[in-house]
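Topology and contacts: notes
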Amino acid sequence: MNTANKKITIVDTTLRDGMSSVSHQFTPQNVADIARGLDKAGVPTIEVAHGIGLGASSIQYGFAAATDPDYVRAAVDAVENADIAALYVPGIATLAELQKAIDAGIKTVRIAVHCTEADCGQQPVEWAKEQGLNVMTFLMMSHKLEAEPLAEQAAKLDSYGADVVYVVDSAGAMVPRHAGDRVAALRQAITADIGFHAHNNLGVGIANALTAAENGATFIDGSLRGLGASAGNAQTEVLAAAFERAGWDTGVDLFPLIDTAEHVVAPLMKEPQIVDETALVLGYAGVYSTFFHPTKRAAKKFGVPARDILMELGRRGVIGGQEDMIIDVASELAGRTYETPAMAGS
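Scope of this entry: the structure provided in the associated data block.

Conventions and cut-offs
Residues numbered from 1 in each chain as written. Predicted model: local features only at pLDDT ≥ 70, side-chain atom pairs only at ≥ 80, totals over all residues. Heavy atoms only, no water. Helix = DSSP H or I, 4+ residues; strand = E, 2+ residues; numbered from the N terminus. Rg over C-alpha atoms; globule rule 2.2 N^0.38 Å. Buried < 20%, exposed > 50% of the residue type's maximum accessible area, 1.4 Å probe, protein only. Contact = heavy atoms within 4.5 Å. Areas by Shrake-Rupley, 256 points an atom, 1.4 Å probe, with all protein chains shown as cover. Core = buried A, V, L, I, M, F, W, Y, C linked by side-chain atoms within 4.5 Å. Arc of directions from axis to C-beta. Axes fitted to C-alpha atoms, helices over the stretch in contact; angles between N-to-C directions. Parallel < 35°, antiparallel > 145°, perpendicular 65-115°, else oblique. Left-handed = near helix turned anticlockwise from the far one by under 90°. Pairing = 2+ DSSP bridges. Disulfide = S-S within 2.5 Å. Salt bridge = Lys/Arg side-chain N within 4 Å of Asp/Glu carboxyl O. Polar contact = N/O pair within 3.5 Å; in protein donor to acceptor, adjacent residues only side chain to side chain.

So, about the overall build of the protein chain. Secondary structure summary: the protein chain contains 13 helices and 8 strands in total. In terms of overall dimensions, the protein chain is globule-like: its C-alpha atoms have a radius of gyration of 20 Å, near the 20 Å expected for 346 residues. Principal-axis analysis of the C-alpha atoms places the extent of the protein chain at approximately 70 × 45 × 40 Å. Within the protein chain, the fraction of its 346 residues that count as buried is 55%. Put simply, 76% of the contacts in the protein chain that link residues at least 6 apart link residues at least 24 apart. Accessible surface for the protein chain amounts to roughly 14,100 Å². Of this, 51% is attributable to carbon and sulfur atoms.

The structure is reproduced here in structure tokens:
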């Protein structure tokens, strides 16, 4: 395959997934500055919203510094060529909130459902298509299904009219073989384009993205400096460089990406985006990436190791939306820890 035929589209999610790393506190001016840099680099789609998606600014998920429409308008006004996208999670967002994002200027919506619940996406996908939006769909926690059943779920989203169906490694639990097998299965099952969204909990986000592309993915997500939930995402500027070295045409200009990452995003970061103990165990246990900060808080509150909480959450198979289980598990583990000496002496 020559380079002319090896084309991918990089989608940047610094201003949505990356919000989770800054407690959703980017200002509209921050959004404008980052979006402007991404647009200059030629990134065609930029995702903008609260870190959990439209309508998530709340006591449960954390209050954002501004409203989703404010963020969208800031990005729309800052770019010349890029489409602005927003994330819609059924059960968190409503179609009324999606309409406000449309009014603010989005051209693309990314509709995210759990990997076993594609049917939850039918109403928003069909409604969004009726509004003339480009529709990308997410099969979250894709590691929880083997390749063939995941492809069956993807076929449903394809039938609803999705333009792109993503394999989403929400927990950063995949290694390259897992990513490649799932994308290859989707390629056999659907006519829509295929995307891949990596988290870096096992340190293989870039490798997973490259393998996904080699197996048929044409849309690849990243975020500048890797900014994102838990260990963060595949790093946009690294993706651009790695794909170019591997002979792919990304359509983006590397050095404006690096400049934006270094001079705009890095000064806004609270701490480096690294694979620390909690992020690593989260990926190893296969737990949703947004559980990262709540688990750390619960560990401190109940005096139990974060790794024990995450391993138990993984054993129970929790998914996004079950954040309340973090407290339940932490309190149970604290109780067991307290009772263990008495039980041992009985």
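Mapped onto the secondary structure, Ala171 falls in the loop between strand 6 (164-168) and helix 6 (176-189). Expressed as a C-alpha distance, the spacing of Ala171 and Gly18, which sit 153 residues apart in the sequence, is 15 Å.

Core analysis: the largest hydrophobic core is formed by 83 residues, its most contacted members being Val31, Ile46, Leu98, Ile106, Val165, Leu186 and Phe196. When residues in this core are grouped by element, the largest group, 6 residues, is from helix 5 (residues 147-160). For Ile106, the contacting residues outside a window of four places in its chain are Val72, Ile84, Ala85, Ala86, Leu98, Ala101 and Leu133. In terms of nonpolar packing, the next biggest core, distinct from the first, is built from 36 residues, Met141, Ala306, Leu310 and Val318 among them.

Among the residues of helix 11 (residues 292-302), those classed as buried are Phe292, Thr295, Ala298 and Ala299. Down the axis of helix 11, the buried side of the element spans an arc of 130 degrees, and every buried residue falls inside it. Exposed residues lying more than 90 degrees from the buried face of helix 11 are Arg297, Lys300 and Lys301. Where helix 11 terminates, the next one or two residues include Gly303, which has phi positive at roughly 70 degrees.

So, on to the packing of helix 7 (residues 205-214) against helix 8 (residues 236-245). Across the interface, helix 7 lies against helix 8 with an axial gap of 10 Å and an inter-helix angle of 50 degrees. Classified by the interaxial angle, the pair formed by helix 7 and helix 8 is oblique. Considering only the axes of helix 7 and helix 8, their crossing is right-handed. On the side of helix 7, the interface is formed by Ile206, Ala209, Leu210 and Ala213, while helix 8 contributes Val238, Leu239, Ala242 and Phe243.

Next up on the list: the sheet that holds strand 6. Read once around its circumference, the closed barrel built from 8 strands follows the order 1-2-3-4-5-6-7-8, with strand pairing classed as parallel. Direction aside, the axes of adjacent strands within the sheet are offset by 25 degrees on average. Note that strand 1 (residues 9-15) and strand 2 (residues 45-48) share 3 bridges and pair parallel. When the bridges of strand 2 are listed, Asp12 appears paired with Ile46. Relative to the sheet, helix 1 (residues 28-40) contacts strand 1 and strand 2, its axis offset from that of strand 1 by approximately 165 degrees.

Throughout this description, disulfide means a covalent bond between two cysteine sulfur atoms. Evaluated as defined, the whole model comprises 0 disulfides. In this model Cys115 remains outside any disulfide bridge; the closest cysteine sulfur is found in Cys120, 12 Å from its own. In this structure Cys120 comes out as partly exposed when scored by relative accessible area, which is 38%.

So, about the pattern of salt bridges. As enumerated under the stated definition, the model contains 15 salt bridges in all. The shortest N-O distance in the salt bridge between Asp17 and Arg16 comes to 3.7 Å. Taking the relative accessible area as the measure of exposure, Asp17 reaches 3% and is therefore buried. Residue classification places Arg16 among the buried positions, given a relative accessible area of 6%. Through salt bridges that share partners, Arg16, Asp17, Glu47, Arg110 and Asp221 make up one connected network.

This paragraph deals with the side chain of Thr45. Secondary-structure assignment places Thr45 in strand 2. By relative accessible area, Thr45 is classed as buried at 7%. Once you skip the residues sitting within four places of it in the chain, Thr45 turns out to touch Ile10, Val11, Asp12, Asp83, Ala85 and Met136.

Structurally, Asn215 can be placed in the loop between helix 7 and strand 8 (219-222). Judged by its relative accessible area of 29%, Asn215 is partly exposed. Taking the C-alpha atoms as reference points, Asn215 and Met325, separated by 110 residues in sequence, lie 36 Å from one another. In contact with Asn215, other than residues within four places in its own chain, are Gly180, Val183, Ala184 and Arg187. Among the polar contacts listed, one links the side chain of Asn215 to the backbone oxygen of Thr211, at a separation of 2.8 Å.

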